[in-house]
Structures are given as structure tokens and as C-alpha cells.
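# Breakdown of the fold
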Amino acid sequence: MDEVVLEVRNIREAYAKQFGYDLQAIHRDLKAQEQASGRRIVSLPPRRPQPAGPNLESRRTNRGT
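This write-up is about the structure you can find in this document. (Residues numbered from 1 in each chain as written. Predicted model: local features only at pLDDT ≥ 70, side-chain atom pairs only at ≥ 80, totals over all residues. Heavy atoms only, no water.)

A few words on the overall build of the chain. A tally of helices and strands in the chain yields three helices and zero strands. Its helices and strands in sequence order give the chain the pattern α-α-α, from N to C terminus. Burial analysis of the chain (65 residues in total) assigns 5% to the buried set. Within the structure as shown, the chain displays about 6700 Å² of accessible surface, and the carbon and sulfur contribution to it stands at 53%. (Helix = DSSP H or I, 4+ residues; strand = E, 2+ residues; numbered from the N terminus. Buried < 20%, exposed > 50% of the residue type's maximum accessible area, 1.4 Å probe, protein only. Areas by Shrake-Rupley, 256 points an atom, 1.4 Å probe, with all protein chains shown as cover.)

Take the packing of aromatic side chains next. Applying the stated rule across the entire model yields one aromatic pair. Here Tyr15 and Phe19 contribute two aromatic rings whose centre-to-centre distance is 5.2 Å and whose plane-to-plane angle is 65 degrees, an arrangement assigned as edge-to-face. The class for Phe19 is partly exposed, based on a relative accessible area of 23%. (Phe/Tyr/Trp six-rings, centres within 6.5 Å; stacked < 30°, edge-to-face > 60°.)

Right, let's get into unusual backbone geometry. With a phi angle near 60 degrees, Tyr21 is a residue other than glycine that sits in the positive phi range. Topologically, Tyr21 is positioned in the loop between helix H1 (3-18) and helix H2 (23-37). Judged by relative accessible area, which is 46%, Tyr21 ranks as partly exposed.

Right under this line is the structure:
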């Protein structure tokens, strides 16, 4: 296994262990770090997936013909 991957996994494990693997506690900590960073945070609204293009739809309706 790559050394960098192993290092990242070890750091992630130690970080999660600090919070008893509680995802809500981890989220609160990350949000606090985000606020403390002083960086501008951009939050975009979710987008709905677009329907498949006409080529995909025509292939579905023309199967077996």
C-alpha cells in the first residue's frame, strides 16, 4: 500500500477516535474549524439531476426493433 494513503488513513482514524467515532461531533468540529479559518465559505444550493439526453431515451424505446 502507498505510504501516503496509509498516512492519511492513520490520521483519519486518529481524528475519528478523538470524537469516539461520533459523526455529529466530528461535523461540529469541522464546522468550528471552518468558521475559525476566516476563509470565505461558498455554499451552493443542491441541483436536480438533468434527464438523460434524447439519444439515451431513443435507445431505450427502440430496443428490440
